[in-house]
Each structure stands twice: as C-alpha cells, then as structure tokens.
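Below are the chains, spelled out letter by letter.
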Amino acid sequence: MADSTEHVEKEQLAKEPEEAEKPRQSSDRPRNRVQVSKDSHPLNFYVNLAEKLLHDEEEVELSGLGMAVSTTVTIAGILKNSGHVEVAKIETSLVGEKKPRGSKRYWKPKIQIWIKKTEKFVELIKAEESLEQNSDQAPSHGS
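Residues numbered from 1 in each chain as written. Predicted model: local features only at pLDDT ≥ 70, side-chain atom pairs only at ≥ 80, totals over all residues. Heavy atoms only, no water.

### Considerations on the environment of Lys89
Phase 1: Its location among the elements puts Lys89 in strand β3 (residues 85-98).
Phase 2: In the structure, Lys89 is positioned 25 residues away from Trp114 in sequence and 5.1 Å away in space, judged by C-alpha atoms.
Phase 3: When near neighbours in sequence (up to four residues on either side) are disregarded, Lys89 contacts Gln112, Ile113 and Trp114.
Phase 4: Of the polar contacts made by the side chain of Lys89, one reaches the side chain of Glu91; its length is 3.3 Å. (Helix = DSSP H or I, 4+ residues; strand = E, 2+ residues; numbered from the N terminus. Contact = heavy atoms within 4.5 Å. Polar contact = N/O pair within 3.5 Å; in protein donor to acceptor, adjacent residues only side chain to side chain.)

### With respect to the nonpolar core
Phase 1: Ranked by internal contacts, the top residues of the largest apolar core, which has 20 residues, are Val34, Leu62, Ile75, Leu79 and Ile115.
Phase 2: Going through the elements one at a time, β1 (33-36), α3 (43-56), β2 (59-65), α4 (69-81), β4 (105-117) and α5 (121-136) are the ones with two or more residues in this core.
Phase 3: Broken down by element, the residue count for this core peaks at five residues, all from α3.
Phase 4: Sequence-distant contacts of Ile75, defined by excluding residues within four places in its chain, comprise Val36, Leu43, Tyr46, Val47 and Leu62. (Core = buried A, V, L, I, M, F, W, Y, C linked by side-chain atoms within 4.5 Å. Buried < 20%, exposed > 50% of the residue type's maximum accessible area, 1.4 Å probe, protein only.)

### Some words on the sheet that holds β4
Sheet strands line up and pair through hydrogen bonds in the backbone, either parallel or antiparallel.
Phase 1: With respect to topology, four strands assemble into an open sheet ordered β1-β2-β4-β3, the strand pairing being mixed. Each end of this open sheet is capped by a strand with a single partner; those strands are β1 and β3. Direction aside, neighbouring strands of the sheet carry axes that sit 20 degrees apart on average.
Phase 2: Here β3 runs beside β4; their pairing, made up of 13 bridges, is antiparallel. Within β4, the position partnered with Ser93 by the bridge is Lys110.
Phase 3: Against the sheet, α3 makes contact with β1, β2, β3 and β4, and its axis sits at roughly 170 degrees relative to β1, the strand it touches most. (Pairing = 2+ DSSP bridges. Axes fitted to C-alpha atoms, helices over the stretch in contact; angles between N-to-C directions.)

### Describing the pairing of β2
Phase 1: For β2, the buried fraction is high: five of the seven residues fall into the buried class.
Phase 2: Bridge count between β1 and β2: four bridges; the pairing is parallel. Along β2, the bridge assignment pairs Val34 with Leu62.
Phase 3: As for the winding sense of the linkage, the β-α-β connection from β1 through α3 to β2 is right-handed.
Phase 4: Here seven bridges tie β2 to β4, and the two strands are oriented antiparallel to one another. The residue of β4 that forms the bridge with Gly64 is Ile111. (Right-handed = clockwise from strand over helix to strand, strands pointing away.)

### So, α4
An α-helical segment advances 3.6 residues per turn. Residues three or four places apart therefore align on the same side.
Phase 1: In this model α4 runs 18 Å from its N-terminal to its C-terminal C-alpha over 13 residues, within 8% of the 18 Å that 1.5 Å per residue would give.
Phase 2: Where α4 is concerned, the buried positions are Val69, Thr71, Thr72, Ile75, Ala76 and Leu79. The arc enclosing the buried residues of α4, seen along the axis, measures out at 165 degrees, which places them on a common side. (Expected span 1.5 Å × (residues − 1). Arc of directions from axis to C-beta.)

### Re the packing of aromatic side chains
Phase 1: Applying the stated criterion to the full structure yields one aromatic pair.
Phase 2: Plain terms: the ring middles of Phe45 and Tyr46 are 5.2 Å apart, the flat faces sit at 80 degrees to each other, and that makes the pair edge-to-face.
Phase 3: According to the relative accessible area criterion, Phe45 is partly exposed, its value standing at 35%.
Phase 4: Note on Tyr46: relative accessible area 2%, which makes it buried.
Phase 5: Looking at Lys89, its charged tip hangs above the ring of Trp114, at a distance of 4.5 Å from the centre. (Phe/Tyr/Trp six-rings, centres within 6.5 Å; stacked < 30°, edge-to-face > 60°. Lys NZ or Arg CZ within 6 Å of the ring centre and 35° of its normal.)

Structural measurements only, silent on function.
Have a look at this one:
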C-alpha cells in the first residue's frame, strides 16, 4: 500500500507546473473560505460575509492574494477588535504565476488567516441585531 501512495505522490510532483497550478473550480472551494479582492467589494461586505459564515462554521479562512493582502489583514483586525473572533492561524506564501506574454514567472504574496468564533460571538451578534432593529423602529416626533 505504501508503494502505491509513494507512486501517486511522485506522479503528482512530476506534473508540469502549469497543470499542477490550475485554479480550482468554484465548486471545489471550501465553503468556509472568503477570498478577498482589493477593489471589488467594500470592507463591510467581507466582514459581514465572514460573520455570516461563522454562524454555520466554527472556523473561517480569509484569503488574499497580491494587493488584497493588506485588505485581508484589515478585515481580520476589524473582526478581532469587535470581539467576534480570535485569530487561530496565519500563513503567508508566494504564488508563482506566468506572465501572459512571457515565460518568466512573477511572484505574488498570499495570506491566509483562519479565524474562529469567540465564546461571546452569538451574544454579540444578537446584541448588534437588536440595536439595528431598535434604531429602525425609532418613534416619530410628530403630533
């Protein structure tokens, strides 16, 4: 059995870099991953998305590539400072990509931050929701 496992690993390592680095299909993406973009959405979109995922999951991965690294760190900081999450793990790496018209590779930084719920997560979310409901139902000042 060990021989077949070693053979499979050697086959995977022998693949061409382009084949080994193909982007995963969206259906292959883990359900608890938030892929942060630099410009496509405002910060509160990602903060709300992470909070929504944490309702169903114990841990969520925030992932940012290239210029989105600093945005990803900011989102994790907002969630941590609000008391909703703790940072469980952080990984950084460089991802090599080929230029469209050349054979040289260029490297992009990548960050992955795993956040997990704090013990007060549900309590804090409920308190925020009740504040929002109360502000929406403010009494009118007319006679």
